[in-house]
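Chain by chain, the residues:
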Amino acid sequence: MSEIKDLVNKLQELLVDEANKKTVDNMFASSKELMSSYRCAIMEVETKFKVLNDWFNLQHERNPIESITSRLKSPESIKEKLERKKFPMTLESIEQNLFDVAGVRVICSFIDDVYILAESFLKQDDITLIEKKDYIKNPKPNGYRSLHLIIEVPIFLQNEKKKVKVEVQLRTIAMEFWAKLEHRLRYKKHLDEKTLSYTAEELLKCAEDSANLDLRMQNIRDIIEKQDI
Ligand code: 0O2
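Residues numbered from 1 in each chain as written. Predicted model: local features only at pLDDT ≥ 70, side-chain atom pairs only at ≥ 80, totals over all residues. Heavy atoms only, no water.

Asks: Would you mind going over the overall build of the chain in detail, with residue names and values included?
Replies: Looking only at helices and strands, one finds 6 helices and 5 strands in the chain. Each helix and strand of the chain, placed in order from N terminus to C terminus, yields the pattern α-β-α-α-β-α-β-β-β-α-α. Relative to its 229 residues, the chain shows a buried fraction of 34%. Pairs at least 24 apart in sequence give 66% of the contacts found in the chain among residues at least 6 apart. Summed over all atoms, the accessible surface of the chain reaches about 15700 Å², with 56% contributed by carbon and sulfur. (Helix = DSSP H or I, 4+ residues; strand = E, 2+ residues; numbered from the N terminus. Buried < 20%, exposed > 50% of the residue type's maximum accessible area, 1.4 Å probe, protein only. Contact = heavy atoms within 4.5 Å. Areas by Shrake-Rupley, 256 points an atom, 1.4 Å probe, with all protein chains shown as cover.)

Asks: I'd like a rundown of unusual backbone geometry, residues and numbers included.
Replies: One non-glycine residue with positive phi stands out, namely Glu-61, at about 55°. Position of Glu-61 relative to the elements: it lies in the loop between α1 (2-60) and β1 (65-72). What makes Glu-61 exposed here is its relative accessible area of 74%. One non-glycine residue, Lys-86, lies in the positive phi region at around 55°. Structurally, the position occupied by Lys-86 is in the loop between α2 (75-84) and α3 (91-97). On the basis of relative accessibility, which here comes to 73%, the residue Lys-86 falls in the exposed class.

Asks: Can you explain empty space enclosed by the protein? Please cite residues and give values.
Replies: Per the counting criterion, the structure on display carries 1 cavity of 30 Å³ or more. The space that makes up the largest cavity amounts to roughly 30 Å³. Forming the boundary of the largest cavity are Gly-143, Arg-145, Met-175, Trp-178, Ala-207 and Ser-210. Where the lining of the largest cavity is concerned, the elements lending two or more residues are α5 (173-186) and α6 (193-227). (1 Å grid on protein atoms, 1.4 Å probe; cavity = no way out; pocket = protein on both sides within 12 Å on 5 of 7 lines; lining within 4 Å. Points joined across faces, edges and corners; volume = space filled by probe spheres on them.)

Asks: So what's going on with the nonpolar core? Which residues, and what values?
Replies: Among the nonpolar cores identified, the biggest contains 35 residues, and Phe-49, Val-168 and Leu-170 are the most heavily contacted of them. Among the secondary structure elements, those contributing two or more residues to this core are α1, α2, α3, β2 (102-108), α4 (111-123), β4 (147-156) and β5 (161-172). Here this core gets 7 residues from one element, more than from any other, and that element is α1. Judged by nonpolar contacts, the second largest core, of 5 residues, contains Tyr-135, Trp-178, Ala-179 and Ala-207. (Core = buried A, V, L, I, M, F, W, Y, C linked by side-chain atoms within 4.5 Å.)

Asks: Explain a nonpolar patch on the surface residue by residue, including any values.
Replies: A contiguous nonpolar surface patch, about 380 Å² in accessible area, is contributed by Leu-213, Met-217, Ile-220 and Ile-224. Relative to the helices and strands, Met-217 is located in helix α6. (Patch = residues over 30% accessible without salt bridge, like charges linked within 9 Å, V, L, I, M, F, W, Y side chains within 5 Å. Salt bridge = Lys/Arg side-chain N within 4 Å of Asp/Glu carboxyl O.)

Asks: Report on the confidence of the model for the chain, specifying residues and quantitative values.
Replies: The pLDDT averaged across the chain works out to 87; a share of 87% of its residues lies at or above 70. Confidence, read as mean pLDDT per element, is least for α1 in the chain (72) and greatest for strand β3 (residues 128-134) (98). Under a pLDDT of 50 for its full length, residues 7-12 has, in the predicted model, 0 contacts with residues more than four places off or in other chains. (pLDDT = per-residue confidence, 0-100.)

Below you can see the structure in the form of structure tokens.
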């Protein structure tokens with residue numbers, strides 16, 4: 001009797017393994033396709049900003065873009081976000097619920113450039129705006145500033161056209177400087193209450209100082225441009 005039970009258990013184990021193996025193989029292929037479409041969407045968006053930068057340079061003899069970086073969200077962060085937001089742990093759920101798997105960051109010289117570029121980009125008839133968060137006009141309580149656009153861009157594959165969501169973050173060099181350092185410092189978690197609140201206050205003051213610097217630099221540029229006709 002116990003021999004039969006052992007056999008059934010083993011059979012079950014094998015069947016489960018087989019079923020899992022197929023699921024895992026399928027998942028692997030589908031997730032490769034999904035990630036590859038995010039990568040293509042990043043390329044499309046990057047190209048659009050590079051074109052705008054070149055065109056702007058031709059018209060105004062200066063580059064509004066300092067640099068462009070992009071990233072695909074890591075599997076660990078995808079999993080963490082799905083869990084945190086209580087979304088199902090499936091590929092469909094990633095596509096439907098997470099809008100920042102593909103991310104492009106555009107670093108601009110001046111605040112005006114952020115808005116000029118965002119407007120020209122959003123005017124393009126293949127770009128659909130899903131959501132806009134203006135953390136420049138309404139900074140986060142910790143001082144974080146940046147313009148976030150969740151957009152959809154079409155990518156053209158062998159036999160199909162697919163719309164893919166990308167998060168575009170536009171910010172100035174000063175905003176990038178602050179965000180990078182704040183991000184690094186945020187991971188230093190073993191601090192006592194007093195130090196935590198002091199450093200948070202200091203970071204907020206630094207964000208305000210650097211926002212002020214952005215305004216002053218913008219002002220200098222405006223004065224120079226008015227004279228330099
Ligand atoms: P990474 O490494 O850039 O991928 P949630 O993602 O749920 O926290 P939400 O509403 O989806 O929030 O997005 P939100 O807050 O509009 O913007 C999320 C992204 O903006 C973050 O991505 C950061 O890149 C950036 N960001 C937002 N707030 C801050 C901040 O206070 N400090 C810094 N340095 N960056 C910020 P990820 O996924 O957190 O990280």
